[in-house]
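Coordinate inspection notes
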Amino acid sequence: MIKALASAIVLLSAVLNLALAQADNRQLTLTGSSTIAPLAMEIAKRYESQHPDVRIDVQMGGSSRGINDTRMGLADIGMVSRPLKSTEQDLTPFQIAMDGIGIILHKSNAVTALSDAQIIDIYTGKINNWQKLGAADLPITVVNKAEGRSTLELFLHYFSLKNSQIKAQVVIGENQQGIKTVAGNPGAIGYVSIGTAEYEQALGTPIKLLPMAGQVATVASVAQGAYPLSRQLNLVVKAKPEGLVKNFINFAQSAEVKDLIVAQFFVAPFSNSIKSGVAGE
Amino acid sequence: MFNNSINNQADRRLNFLLLIVASATGLLLAIIILFLLNESWPFFANRWRDGTWLQLFYGQSWYPLESQFGMAPMILSSLAVTVGAVVLALPLGLGSAIYLQFYASPRWAQSFRLLLNVLAGIPSVVFGLWGLTRLVPLITSWQPPGASLLAAILVLTLMILPTIALTSASALASVPRELLAGSMALGLRRNSQILHIFLPAARSGISSGVLLATARALGETLAVLMVAGNVVQNPSGLFEPVRVLTANIALEMAYAMGDHRASLFASGLLLTMLVWLLSWFAHRVVRAHKQALQYG
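Cut-offs used in this document
- Residues numbered from 1 in each chain as written.
- Chains lettered and ligands numbered in written order.
- Predicted model: local features only at pLDDT ≥ 70, side-chain atom pairs only at ≥ 80, totals over all residues.
- Heavy atoms only, no water.
- Helix = DSSP H or I, 4+ residues; strand = E, 2+ residues; numbered from the N terminus.
- Buried < 20%, exposed > 50% of the residue type's maximum accessible area, 1.4 Å probe, protein only.
- Areas by Shrake-Rupley, 256 points an atom, 1.4 Å probe, with all protein chains shown as cover.
- UniProt positions renumbered as here; feature names shortened; annotations may be inferred.
- Domains from an automatic or database assignment.
- Contact = heavy atoms within 4.5 Å.
- Buried area = accessible area lost by both parts, 1.4 Å probe.
- Salt bridge = Lys/Arg side-chain N within 4 Å of Asp/Glu carboxyl O.
- Polar contact = N/O pair within 3.5 Å; in protein donor to acceptor, adjacent residues only side chain to side chain.
- Nonpolar A, V, L, I, M, F, W, Y, C, P; charged D, E, K, R; others polar.
- Phe/Tyr/Trp six-rings, centres within 6.5 Å; stacked < 30°, edge-to-face > 60°.
- Lys NZ or Arg CZ within 6 Å of the ring centre and 35° of its normal.
- Pairing = 2+ DSSP bridges.
- Right-handed = clockwise from strand over helix to strand, strands pointing away.
- Axes fitted to C-alpha atoms, helices over the stretch in contact; angles between N-to-C directions.
- Parallel < 35°, antiparallel > 145°, perpendicular 65-115°, else oblique.
- Left-handed = near helix turned anticlockwise from the far one by under 90°.
- Core = buried A, V, L, I, M, F, W, Y, C linked by side-chain atoms within 4.5 Å.

Here's the deal with the overall build of chain B
The secondary structure content of chain B amounts to twelve helices and two strands. Each helix (α) and strand (β) of chain B, taken in turn from the N terminus, gives the series α-α-β-β-α-α-α-α-α-α-α-α-α-α. When the 296 residues of chain B are sorted by exposure, 41% land in the buried category. A total accessible area of about 16200 Å² is found for chain B, and carbon and sulfur atoms account for 68% of it.

Shown next, in the form of structure tokens:
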């Protein structure tokens with residue numbers, strides 16, 4: 001109710017401001033990836049608090065909607081959670097963060113690395129005991145993410161799986177729930193945002209992050225772009241950014257929003273300004 | 001005894017005020033239902049168009065992003081978790097109430113009642129956290145994966161136990177003293193008094209407490225979400241993970257769009273109707289019982 005009322009008030013004030021805003025270039029619309037949207041909303045909130053006359057509207061609808069809306073001029077900025085394709089070179093991307101996920105096991109598990117094929121076999125239920133992978137005789141508990149989560153999407157995309165192929169024993173929502181589930185179950189395997197996992201591991205939670213394709217799973221490795229199970233989070237625009245659009249993109253790429261990126265368990269790109277260990281809450 | 005005639009200015013004003021408050025409550029409920037209907041409408045309309053809307057009730061697979069919207073396993077899981085918790089909590093709660101009311105010394109009864117009140121006041125997220133970090137690993141060491149129907153039932157039992165115990169105790173306390181005097185005059189033993197006089201006389205109070213507990217169990221979200229495992233499948237065993245309707249909404253709402261989002265509102269509507277059906281049923285039971293007492 002309160003939310004509806006609040007949004008009604010926002011809508012009303014938006015309508016009232018419309019004439020002024022359009023004349024003044026003081027309103028900004030972002031549409032696209034639901035992965036980026038929560039982060040973009042936080043950045044927009046901070047930008048608005050610094051520029052009280054600016055109104056920023058963030059809408060979800062997936063990366064392809066972000067591309068389309070930006071092309072059609074329906075949105076000033078599109079949010080796209082992948083690199084641009086060769087057919088999309090009419091748009092210009094500005095990377096604001098990286099998203100990386102790590103495979104986690106219980107600390108007591110003897111397994112130190114898994115190949116992509118082994119992970120697929122585990123998640124599709126073909127391998128259901130750690131004994132087959134040279135570890136203790138223990139049934140595997142597969143921990144999967146709930147439908148709609150961006151980590152699930154990235155995981156499925158990387159391993160070319162469909163969610164209906166996965167045979168999970170536990171389905172979780174938040175990263176923290178996944179870490180607690182794996183920490184409490186010696187036979188569990190799960191995947192969570194690397195930032196959260198690294199933070200918890202440093203606190204002594206009995207989990208371990210597995211390397212992927214020979215690359216260690218750390219925030220630093222994701223920031224450098226070496227870690228494979230990761231993707232770019234981009235803001236895209238059609239024309240050369242000017243005025244408000246340019247200011248907002250500069251703001252989103254600046255050091256002023258690093259804490260917001262980290263709070264959403266994403267990784268700020270170009271590791272010079274971020275130290276591992278501050279990741280997480 | 002009471003009549004409705006209002007012949008006093010102050011009374012009239014109060015009457016008006018109360019009328020506004022009462023209709024605001026009713027209006028709020030109506031708005032919530034309308035909101036649920038409105039938000040879930042696109043889902044029902046689309047399913048009606050492609051002729052798959054009945055799959056909601058018998059479909060076995062829930063992959064909303066692949067357009068499979070079977071809610072049957074989650075409906076059954078919700079019912080299984082609720083029934084399991086009530087079946088466990090009813091004897092425990094009723095036993096506690098009888099002990100509290102008839103056997104405990106006054107000092108003991110006071111501390112026991114305090115204990116139950118504390119148990120009733122613990123937030124559900126604390127129960128969930130305890131379940132996730134203590135109960136689930138315990139079950140895991142016995143029967144992996146641990147997060148299961150059993151874990152959900154046990155956590156819920158703890159949560160609804162104080163509700164049942166406290167309402168039953170107050171129902172037993174409000175049984176007319178004449179019945180006690182009469183049963184004593186007949187020379188009945190304590191256990192026959194309780195079994196054959198007090199429990200039947202307090203039945204409607206006890207059943208409304210059980211209803212309250214059932215509604216809480218059915219609607220509980222966070223604690224169940226943390227311990228039940230949340231795999232969409234029929235509740236086929238105590239050690240199998242299950243996903244209940246409320247947990248499904250909480251898990252997926254934040255990131256759902258389009259039909260997926262509307263389907264979550266549809267499951268919310270379904271849950272509301274389940275609770276209504278339950279309270280209507282309980283209302284009937286209580287009324288039938290009262291009539292039987294009056295005319296029997």
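Observations regarding the UniProt feature "domain: ABC transmembrane type-1" (unreviewed entry) in chain B
UniProt annotation of "domain: ABC transmembrane type-1" (unreviewed entry) refers to residues 75-282 of chain B when read in the numbering used here. Measuring from the first to the last C-alpha atom of residues 75-282 of chain B gives 20 Å, for a span that is 80% helix and 0% strand.

Section: the domain arrangement of chain B
All names here are of chain B. Domain boundaries in chain B define domain 1 (2-51) and domain 2 (58-295). A separation of 28 Å is found between the C-alpha centroids of domain 1 and domain 2. If you look at the interface, domain 1 gives twelve residues, while domain 2 gives eleven residues. Between domain 1 and domain 2, a total of about 1000 Å² is buried, with carbon and sulfur atoms accounting for 76% of that surface. When the area that domain 1 buries against domain 2 is broken down by residue, the three leading residues are Leu36, Glu39 and Phe43, summing to 50%. Viewed at the interface, domain 2 and domain 1 are joined by two salt bridges. The salt bridge involving Arg47 is made with Asp259; its shortest N-O contact spans 3.2 Å. At the surface where domain 1 touches domain 2, the tally comes to three residue pairs in polar contact (both at pLDDT 80 or more). Looking at the side of domain 1 that touches domain 2 residue by residue, the classes come out as eight nonpolar, two polar and two charged.

Quick word on the UniProt feature "transmembrane region" (unreviewed entry) in chain B
All names here are of chain B. As recorded in UniProt, the sites labelled "transmembrane region" (unreviewed entry) are residues 16-37, 74-100, 112-130, 150-173, 194-215 and 262-282. The distance separating the terminal C-alpha atoms of residues 194-215 is 27 Å; by composition the span is 95% helix and 0% strand. For residues 262-282, the end-to-end C-alpha separation is 30 Å, with 100% helix and 0% strand making up the annotated structure.

Describing the packing of aromatic side chains
All names here are of chain B. Tallying each qualifying case throughout the model produces 14 aromatic pairs over all chains. Here the aromatic rings of Tyr99 and Phe112 are separated by 5.9 Å at their centres, their planes lie at 85°, and the arrangement is edge-to-face. Remark: Phe112 occurs in helix H4 (residues 106-121) and Tyr99 occurs in helix H3 (residues 72-103); sequence separation between them is 13 residues. Seen from the ring of Tyr103, Arg190 lies directly overhead, with NZ or CZ sitting 6.0 Å from the centre.

Considering the interface of chain B and chain A
Between chain B and chain A, the contact holds 28 residues from the first and 25 residues from the second. Of the roughly 2100 Å² buried at the junction of chain B and chain A (both faces included), carbon and sulfur atoms supply 64%. For the interface between chain B and chain A, the tally reads zero salt bridges. Counting across the interface, chain B meets chain A through seven residue pairs in polar contact (both at pLDDT 80 or more). Of all the elements in the fold, those that place two or more residues in the side of chain B that touches chain A are strand S1 (62-63), helix H5 (124-142), helix H10 (222-227) and helix H11 (245-252) of chain B. The dominant element in the side of chain B that touches chain A, judged by the number of residues it contributes, is H5 of chain B, at five residues. Of the residues that constitute the side of chain B that touches chain A, the class distribution is 20 nonpolar, five polar and three charged.

Describing the pairing of strand S1 (residues 27-32) of chain A
Residues and elements named next belong to chain A. For S1, the tally of buried residues reaches five of six residues, placing the bulk of the element in the interior. Sheet analysis places S1 next to strand S2 (residues 55-60), joined by six bridges and oriented parallel. When the bridges of S2 are listed, Leu30 appears paired with Val58. For the crossover from S1 across helix H2 (residues 37-50) to S2, the handedness is right-handed.

A few points about the packing of H2 of chain A against helix H9 (residues 243-253) of chain A
Residue and element names in this part refer to chain A. Contact geometry for H2 and H9: axes closest at 11 Å, N-to-C directions at 120°. With respect to H9, the element H2 is oriented oblique. Relative to H9, the crossing made by H2 is right-handed. Of the residues in H9, those touching H2 at Ile43, Ala44, Arg46, Tyr47 and Gln50 are Leu244, Asn247, Phe248, Phe251 and Ala252. Grouping the amino acids of the contact of H2 with H9 by side-chain chemistry returns seven nonpolar, two polar and one charged.

Description of the nonpolar core
Considering soluble globular proteins, one finds that nonpolar side chains tend to be buried as a cluster. Ile122, Tyr123, Trp130, Phe155 and Ile189 of chain A are the most contacted members of the largest nonpolar core, which totals 103 residues. Broken down by element, this core gets its largest block of residues, 15 residues, from helix H6 (residues 149-173) of chain B. When sequence neighbours within four positions are dropped, the list of residues in contact with Phe155 of chain A reads Ile101, Ile103, Ile119, Tyr123, Ile166 and Tyr191 of chain A. Counting residues in each nonpolar core, the second largest holds 31 residues, with Leu39, Ile43, Ile56 and Ala268 of chain A among its members.

Some words on the pattern of salt bridges
Residue and element names in this part refer to chain A. Applying the stated rule across the entire model yields twelve salt bridges over all chains. A salt bridge links Arg65 to Asp69, with the nearest nitrogen and oxygen atoms 3.0 Å apart. Remark: Asp69 and Arg65 occur in helix H3 (residues 63-72); sequence separation between them is four residues, near one turn of the helix. Among the ionic pairs, Arg71 bridges to Asp90, the shortest N-O distance being 3.0 Å. Taken together, the positions of Arg71 in helix H3 and Asp90 in the loop between strand S3 (77-80) and strand S4 (92-106) put the pair 19 residues apart, joining distant regions of the chain. For Arg71, a relative accessible area of 29% puts it in the partly exposed group.

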